[in-house]
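The chain contents come next:
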Amino acid sequence: MIILGIETSCDETAAAIVRDDRTVLSNVLVSQIPGHQPYGGVVPEKAARAHLDSLHPLIEQALRDAQVTLDDLNGIAVTAGPGLIGGVLVGVMTAKAIAAAKNLPFIAVNHLEGHALTGRLTHDLPFPFLLLLISGGHCQFLEVTGVGQYRLLGSTVDDAVGEAFDKVARIFGLSYPGGPALEKLAQSGNGKRFTLPRPLKGRAGCDLSFSGLKTAVRLVAEKHTPLSSQDKADLAASFQEAVADCLEDRALKAFQMTDAPVRHFVVAGGVAANAALRLRLSSLCNAHGFIFVAPPLELCTDNAAMIAWVGIEKLRLGQKDSLDFIPRPRWPLHGKNPGVSLS
Ligand code: KG4
Ligand code: ZN
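Below is a summary of the structure that appears in this document. As the structure is a prediction and not an experimental result, all values here were calculated from the model.

Brief notes about the overall build of the chain
And step 1. Tallying secondary structure elements over the chain gives 11 helices and 10 strands in all.
And step 2. For 343 residues, the compact-globule estimate of 2.2 N^0.38 gives 20 Å, and the C-alpha radius of gyration of the chain, at 20 Å, lies within 12% of that figure.
And step 3. Intrachain contacts of the chain at a sequence separation of at least 6 include 73% that bridge at least 24 residues.
And step 4. For the chain, the accessible area works out to roughly 14,100 Å², and carbon and sulfur atoms hold 53% of it.
And step 5. Averaged over its 32 positive side-chain charges, the chain has a centre that lies 5 Å from the centre of its 33 negative ones.

As structure tokens, then:
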């Protein structure tokens, strides 16, 4: 089975061809980051127009790189939410058009499920597993028992962790997206120099909170203004260490909250690309008998291979969607029939 995946829900236009033996035949993307950088974040209208310009040639490139044609495909999978609706519409309409023209199954994929199941594309990962999904807009612990089967164990009560990285990066004048730049800055810093809070640490449950930590960084930065480059590196490292401590503490609680016989702990989403956080979470897993799974960096941040993979997982189960499927700007992963079409 060979599936074309399309991703246009945020600031990356992406297309990929994936085979059901877990081979990524092609995986290409055009990042819009330079176009949004002057504004300090993604401008939805600009993003939608950029997706429109980039998507068609990108799909052609994905087919060329994989050395297949539309006639070799067994289905089209596309991010149908959650995300910036203008961009999502561009992807969904394109996917529907190809599916209609070629009479192929159309699979509407939840972007979060793309992140959630990437571990099954890159690793020999059975259900059930415990998932920490950490991206720019989402931050939650989920028990995953099957395709479309998610039980929410805990989530952020304010900012997502990626959002906190981006906001703290802005305090240091680093350009958007701040996560990777902040990680680089932290590498030359002393994470013990500044005392920062660990929100919700030690509390019952596995909810998370990052807004107070971000404010604490801002207050320290204001107190030490003007910041030398070493001050910035030390404060960045102290922030990253506080995040690592919080994730570690909350993950430990999540380990105890699963009902299913879980052996694997999976970290996914853009922030899972952070080496320091990966290291802390993998050590925690080693100490508590969990097998740590994290996708390679390029499959942590947004990509279309993860969307194609969900298409394969769903099609294998006979799940496909109607061409009437209505894209969803909001689409939680957990709850009733999260993976099933409205129509
Ligand atoms: O999954 P993703 O590419 O897009 C969303 O679905 O949100 O995640 C993007 C988020 C951004 O907030 C970005 O700053 C953060 O992931 N991020 C990182 C790193 N790489 C990306 N945060 C910390 N360290 C990184 N290395
Ligand atoms: Zn994402």
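Re the nonpolar core
And step 1. Core analysis: the largest hydrophobic core is formed by 52 residues, its most contacted members being Phe141, Leu196, Phe210, Phe239, Val243, Leu247 and Phe265.
And step 2. When contributions to this core are tallied by element, the ones reaching two or more residues are strand E6 (129–134), strand E7 (139–146), helix H5 (161–171), helix H6 (178–186), helix H7 (211–223), helix H8 (229–257), strand E9 (264–268) and helix H9 (275–287).
And step 3. With 13 residues, the single largest contributor to this core is H8.
And step 4. In terms of nonpolar packing, the next biggest core, distinct from the first, is built from 33 residues, Ala14, Leu299, Leu315 and Leu333 among them.

Remarks on unusual backbone geometry
And step 1. In this model, Phe127 is joined to Pro128 through a cis peptide bond whose omega is -5 degrees.
And step 2. Assignment of secondary structure puts Pro128 in the loop between helix H4 (111–122) and E6.
And step 3. For the bond running from Thr225 to Pro226, omega is 0 degrees, close enough to zero to count as cis.
And step 4. Relative to the helices and strands, Pro226 resides in the loop between H7 and H8.
And step 5. Even without being glycine, Leu200 reaches a positive phi, approximately 70 degrees.

Notes on helix H3 (residues 85–102)
And step 1. Counted at 1.5 Å a residue, the expected span for H3 with its 18 residues is 26 Å, and the 25 Å between its end C-alpha atoms agrees.
And step 2. Taken as a whole, H3 has its buried residues at Gly87, Val88, Val90, Gly91, Val92, Ala95, Lys96, Ile98 and Ala99.
And step 3. Looking at the buried positions of H3, the neighbouring elements they touch are strand E1 (2–7), helix H2 (44–66), strand E4 (75–81) and strand E5 (106–110).
And step 4. Within two residues after H3, Asn103 carries a phi angle of roughly 55 degrees, on the positive side.

Section: the site of ligand 1
And step 1. The local shell around ligand 1 holds 18 residues, among which Gly136, Asp166, Gly179, Glu183 and Gly270 are the closest.
And step 2. The separation between an oxygen atom of ligand 1 and a polar side-chain atom of Asp166 is 2.6 Å.
And step 3. Relative to its unbound accessible area of 550 Å², ligand 1 is 88% covered by the protein chains.
And step 4. Looking at the shell around ligand 1, the elements that each hand over two or more residues are H4, H5 and H6.
And step 5. In terms of residue class, the shell around ligand 1 is made up of four nonpolar, 11 polar and three charged.
And step 6. Each of domain 1 (2–117 + 301–316) and domain 2 (127–299) contributes no fewer than three residues to the shell around ligand 1.

Notes on the pairing of strand E8 (residues 149–155)
And step 1. Relative to E8, E7 runs antiparallel, the two sharing six bridges. Residue pairing across strands places Gln140 opposite Ser155, the latter belonging to E8.
And step 2. With antiparallel pairing between neighbouring strands as the criterion, E7 and E8 make up a hairpin whose turn holds two residues, including Gly148 at a positive phi of roughly 75 degrees.

Regarding the packing of H5 against H6
And step 1. The contact between H5 and H6 brings their axes to 8 Å, and the two run at 65 degrees. Crossing hand, H5 versus H6: left-handed. Of the residues in H6, those in contact with Phe165, Asp166, Val168 and Ala169 of H5 are Gly178, Gly179 and Leu182.
And step 2. Taken together, the residues of the contact of H5 with H6 sort by class into four nonpolar, two polar and one charged.

Re the coordination of the zinc ion (ligand 2)
And step 1. At the metal site, the zinc ion (ligand 2) is ligated by His111 (NE2), His115 (NE2) and Asp302 (OD), and these contacts range over 2.1 Å.
And step 2. Between consecutive donor residues of the zinc ion (ligand 2), the sequence gaps follow H-x3-H-x186-D. Here His115 is found in helix H4, whereas its partner Asp302 is found in the loop between helix H10 (297–300) and helix H11 (305–316), with 187 residues between them in sequence.
And step 3. Taking relative accessible area as the criterion, His115 reaches 1% and is therefore assigned buried.
And step 4. Given a relative accessible area of 15%, Asp302 falls into the buried group.

Considering the packing of aromatic side chains
And step 1. Within the structure shown, the criterion is met by five aromatic pairs.
And step 2. Judged by centre distance (5.5 Å) and plane angle (85 degrees), the rings of Phe255 and Phe265 are edge-to-face. Within this pair, whereas Phe255 is found in helix H8, its partner Phe265 is found in strand E9, the two being separated by 10 residues in sequence. For the residue pair Phe255 and Phe265, the accessibility class agrees, reading buried in each case.
And step 3. Geometrically, the ring pair formed by Phe325 and Trp331 is tilted, given 5.7 Å between the ring centres and 40 degrees between the ring planes.
And step 4. Judged by relative accessible area, which is 2%, Phe325 ranks as buried.

Cut-offs applied
- Residues numbered from 1 in each chain as written.
- Chains lettered and ligands numbered in written order.
- Predicted model: local features only at pLDDT ≥ 70, side-chain atom pairs only at ≥ 80, totals over all residues.
- Heavy atoms only, no water.
- Helix = DSSP H or I, 4+ residues; strand = E, 2+ residues; numbered from the N terminus.
- Rg over C-alpha atoms; globule rule 2.2 N^0.38 Å.
- Contact = heavy atoms within 4.5 Å.
- Areas by Shrake-Rupley, 256 points an atom, 1.4 Å probe, with all protein chains shown as cover.
- Lys, Arg positive; Asp, Glu negative; His and termini not counted.
- Charge placed at Lys NZ, Arg CZ, Asp CG, Glu CD.
- Core = buried A, V, L, I, M, F, W, Y, C linked by side-chain atoms within 4.5 Å.
- Buried < 20%, exposed > 50% of the residue type's maximum accessible area, 1.4 Å probe, protein only.
- Expected span 1.5 Å × (residues − 1).
- Near = heavy atom within 4 Å.
- Polar contact = N/O pair within 3.5 Å; in protein donor to acceptor, adjacent residues only side chain to side chain.
- Nonpolar A, V, L, I, M, F, W, Y, C, P; charged D, E, K, R; others polar.
- Domains from an automatic or database assignment.
- Pairing = 2+ DSSP bridges.
- Axes fitted to C-alpha atoms, helices over the stretch in contact; angles between N-to-C directions.
- Left-handed = near helix turned anticlockwise from the far one by under 90°.
- Donors = N, O, S within 2.8 Å, 3.2 Å for Na, K, Ca; no water.
- Phe/Tyr/Trp six-rings, centres within 6.5 Å; stacked < 30°, edge-to-face > 60°.

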